[in-house]
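Breakdown of the fold
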Amino acid sequence: MKTGTSISGLGHITLIGLAVFGGVFTHRPVPPPEVANVTMISEQEFAALTRPVEGVPPTIVPPETVVEAPEVAPATEPETTPAPEPTAVPDPEPVPIPTPDPEPEAQPAPAPEPVQEPVTVPTPTPTPEVLPAPAPAPVPAPSVAEPQPSAPVSTPRPARRVASEIAPPPPPDAAPAPEPVAGAAPTPEPTPAPVETEPEAEPAAPEEATTEIVTEAETPSETAPAAPVVTAPVTSARPAPRPARPAQTAQPAVPAPEPPAPATPPRTAGSTSTASSDSVDAALREALESAARQPDAAPVVAAPSGPPLTAGEKEALRVSVQKCWNVGALSSEAMATTVVVAMAMNRDGTPDAATLRMISSSGGSDAAARQAYEAARRAIIRCGAAGFPLPAEKYGQWQNVEMSFDPSGMRLR
Amino acid sequence: MTRFRLIAAALALALLPFTTPLLAQNGPLRIDITEGVIEPLPFAVPDFISENAPGGEYAQRISRVVAADLAGTGLFREVPQEAFISQITAFTPSVDYASWKAVNAQALITGAVSATADGQLVVKFRVFDVFSDTQLGEGLQFQGTTNSWRRMAHKVADAVYSRITGEGGYFDSRVVFVSETGPKNDRRKRLAIMDYDGANIQYLTNSSSIVLAPRFSPAGERILYTSYETGFPQIYQLDVGSVSRVALPVPADSMTFAPRYAPDGQTVVFSASQGGNTDIYRLRPGGAPERLTNTPSIETGPSYAPDGSQIVFESDRSGTPQLYIMGANGGEPTRISFGAGRYGTPVWSPRGDLIAFTKQNAGRFHIGVMRTDGSEERLLTASFLDEGPTWAPNGRVLMFMRETQGAEGQSALYSVDISGRNLKKVPIDGAASDPAWSPLLK
């Protein structure tokens, strides 16, 4: 008995722990970027920078969000590029082109979804025969759940289209059938209705389905339960820009990180006298302990290297580098080459010149990349000689820096 | 106890997900930089060291020409020698970087010159990236004669330019042009050739007849030009070395003009006017002229793409002069210029990416460039009369003729970067027009 209870106890605790913490764990990457956003949202320009990061929260699956982020980034870049152009008097021509493009692309995205829906229509057909019985009773809910997993994506969509068409066909078949249909049509019940109607509607449905699809796209709200899977990618694209302003909407996540930060310092001062005034390590330790006690405080765990830089702080670094980044003597090919330079930073804000290296380049030959890298290196060394304006208490956040130098927006202006 | 331990173990297991992220260091801070500055890069050229007595005569002069070449591009700015806080006393592979950083010299060029009694000259140089504490490339040396000391200085400047910018230089090149003397109503014209910077002018023809539009061959050893010595325009080919000339075998009863070499250096395209209609012809070595266009409109100003596959030319078939591109063997042309105004004198860039042209619109003339499909048109200049662009060997600079207004108006040669910056007059005594840039000299 003892062994049995302990084993079961162990198992349960492990499961509960994994259930509670496992979910939190996946969210971990999200919190740090959000913190940065909250403080910065006020500045619209910075929002563009944070967009790719914010793209993460909406979608649950991290790998997908990572892929999408780069897509969003290019869209923002064209917007930023126009800014420099006004300064250049001579060539206004290139300016108009970049800005209009990004907008149209984002909107058309929803349209393609409907196309997928028609394709799914065939799948529901097999299930119809079995379903008539469960349909009438509300109880079937659990039973319905089983069929869904087999083709969750396909079933929900037919339901909407069919629902409108279905009304006529059901009556002829059988008495029992019409009843469920009537109930289904008015009510939101998604799964039962589609199954029954589908068998009859199949032959005639395809043509009409296409016309209906359009309407479905217009009113996506009803499909909420089934839709999420299909629409996920599309909706995720939009959220990226929006989160920037209403970041407050993500209040649950946002408030969590902030309170812990202020909370920790008082604790150290009051509870532990050993903690000296501003030792970062102590704060980190405190943060770790609090995280261990409170699973919800996950975001705080990111604090080990200090709170993330605010957009303003990143901007200060960016500006201080680009004022020394002289591309005037670059070849036109080098002007089309983007180089990413990595370096380690000293605590005084100066770059460690020995660690400067080019980690990637794109858009030009090796020779062009070398010229572009040399110009970038000169910029970093020259303007970093007196130390970049970086907050010392966040050293952990900027002890390693990667800078991407993209001169394409400055070409021939 | 065991249960307690088990529970503790379970708790530790449950907390595992939290600890792993702690161990993982945060990624590097990523910054995207898309805005830089465009300004001349400061460089320092201390006087080259003379390694022997005869070399002393040239050391200082060569270093001055190198500095003038670089500063003349507009891409570089020389740090005045008075600002130097250290001097170069030896031609060594290492320098005191700190003292050059202090005067904000981002590039440092050092050199040494030696000469022999029989007129041989050796120039050595090194380029340093001061703020990176490194030498850019290896030291190099050129050998020549004391008479060609300017060319050797240009070669040094070309090498420095190439190492810093990543593209070829254009200093060791020459320009052929029409030198003009006398008032407008009695203008005397001669073919002349000079270094790209206006030095070493030599005359190739006398002023007995009018000459027009000289063009270098791809190797720079021959020149095509149009002369009126028979009373109406005829095309001649002139050998630069011997200054001897021959008339091209074209129909003697037609006016021929606007010649240009194909990239092979043998084939020539030109315009011929017969019975009031002007079309473009091609003359291959040993052959007869072949007609490439055949329309009642005026086609002229042909210029080959660097790969020889296409020809850009101007035509007024649409009503106003516009630019068209056709295959090297003729065929249906494609119009590429669609802006307001008249387009003419198209010239394909030696890099192949751009076409330079003259544009006349709203009473003003412009030199401009566009992509080979006609997109991204950019006007680089604007004046009372700008005309006849010619490309520097590296395709980054254009030289053209600018004439001032009025009876006292004079034509002069100007150069401009294809970004539209660094517009400046080529220092020549007297009037000049119709420049044509040579390739880099061998």
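Scroll up to find the structure.
In every chain, residue numbers begin from 1 and rise along the written sequence. Lettering for chains starts from A, numbering for ligands starts from 1, and both go in the order in which the items are written. Residues qualify for local features only when their pLDDT is at least 70, as the model is predicted, and side-chain atom pairs are given and counted only at 80 or more; totals for whole chains, interfaces and linings, by contrast, use all residues. To get the side-chain values, all heavy atoms of the structure are used, and hydrogens and water are removed first.

A few words on the overall build of chain A. Within chain A one finds 22 helices and three strands. Scored against the burial criterion, the 413 residues of chain A give a buried share of 43%. Each accessible area is a Shrake-Rupley result for a 1.4 Å probe, and residues are judged covered by the shown protein chains and nothing else. Total accessible area on chain A is roughly 20,900 Å²; 65% of this is exposed by carbon and sulfur atoms. The helix and strand labels rest on DSSP assignments: H or I over at least four residues marks a helix, E over at least two residues marks a strand, and numbering proceeds from the N terminus. Relative accessibility thresholds used throughout: buried, under 20% of the residue-type maximum; exposed, over 50%; partly exposed, between the two (1.4 Å probe, protein chains only).

A separate point is helix H4 (residues 149-165) of chain B. Residue and element names in this part refer to chain B. Between its first and last C-alpha atoms H4 spans 24 Å; for 17 residues at 1.5 Å apiece the expected length is 24 Å, and the two agree. For H4, the buried fraction is high: 14 of the 17 residues fall into the buried class. Positive phi appears at Gly-166, one or two residues downstream of H4, with a value of about 90°. A helix is expected to reach a length of 1.5 Å times the quantity of its residues less one.

The next point concerns the packing of helix H2 (residues 56-72) of chain B against H4 of chain B. All names here are of chain B. Fitted lines through C-alpha atoms give the axes, limited to the stretch in contact for helices. The angle between two N-to-C directions lies from 0 to 180 degrees. H4 packs onto H2 with a crossing angle of 45° between their chain directions and a minimal axis gap of 8 Å. With respect to their mutual orientation, H2 and H4 come out oblique. As H2 runs across H4, the sense of the crossing is right-handed. Where H2 abuts H4, its residues Tyr-58, Arg-61, Ile-62, Val-65, Val-66, Asp-69 and Leu-70 lie against Trp-149, Arg-150, Ala-153, His-154, Val-156, Ala-157, Val-160 and Tyr-161. Working rule for angles: under 35 degrees goes down as roughly parallel, over 145 as roughly antiparallel, 65 to 115 as roughly perpendicular, anything else as oblique. Each crossing gets its handedness from the near helix: less than a right angle anticlockwise from the far helix is left-handed, clockwise is right-handed. Should any heavy atoms of two residues lie within 4.5 Å, those residues are considered in contact.

Residues and elements named next belong to chain B. Relative to the helices and strands, Ser-209 is located in the loop between strand E11 (202-203) and strand E12 (211-216). The class of Ser-209 is buried, set by a relative accessible area of 15%. In this structure, Ser-209 is in contact with Lys-189, Ser-227, Tyr-228 and Glu-229, ignoring residues within four places of it in sequence.

All names here are of chain A. Only a pair of cysteine sulfur atoms within 2.5 Å qualifies as a disulfide here. Tallying each qualifying case throughout the model produces one disulfide over all chains. Across a sulfur-sulfur distance of 1.6 Å, Cys-324 and Cys-383 are joined as a disulfide pair. In this structure, the disulfide formed by Cys-324 and Cys-383 twists by about 70° around the S-S bond and is classed as right-handed. Residue Cys-324 is found in the loop between helix H20 (311-322) and strand E1 (338-344), and its partner Cys-383 is found in helix H21 (residues 366-384); the two are separated by 59 residues along the sequence. A single burial state applies to Cys-324 and to Cys-383, both of which are buried.

Given two aromatic rings, their pairing is described by the distance between the two centres and the angle made by the two planes. When the centres of two rings from Phe, Tyr and Trp lie within 6.5 Å, Trp using its six-membered ring, the rings pair. Their planes under 30 degrees apart give stacked, over 60 give edge-to-face, and anything left gives tilted. In this structure the tally under the stated criterion is 19 aromatic pairs over all chains. Taking 4.9 Å as the distance between ring centres and 90° as the angle between the ring planes, the aromatic pair formed by Tyr-395 of chain A and Trp-398 of chain A counts as edge-to-face. With a gap of three residues between them, Tyr-395 of chain A and Trp-398 of chain A both fall in helix H22 (residues 395-398), about one helical turn apart. A ring pair is formed by Tyr-170 of chain B and Trp-437 of chain B, whose centres lie 5.7 Å apart and whose planes are at 90°; its orientation type is edge-to-face.

In short, shape yes, function no, at least from these values alone.
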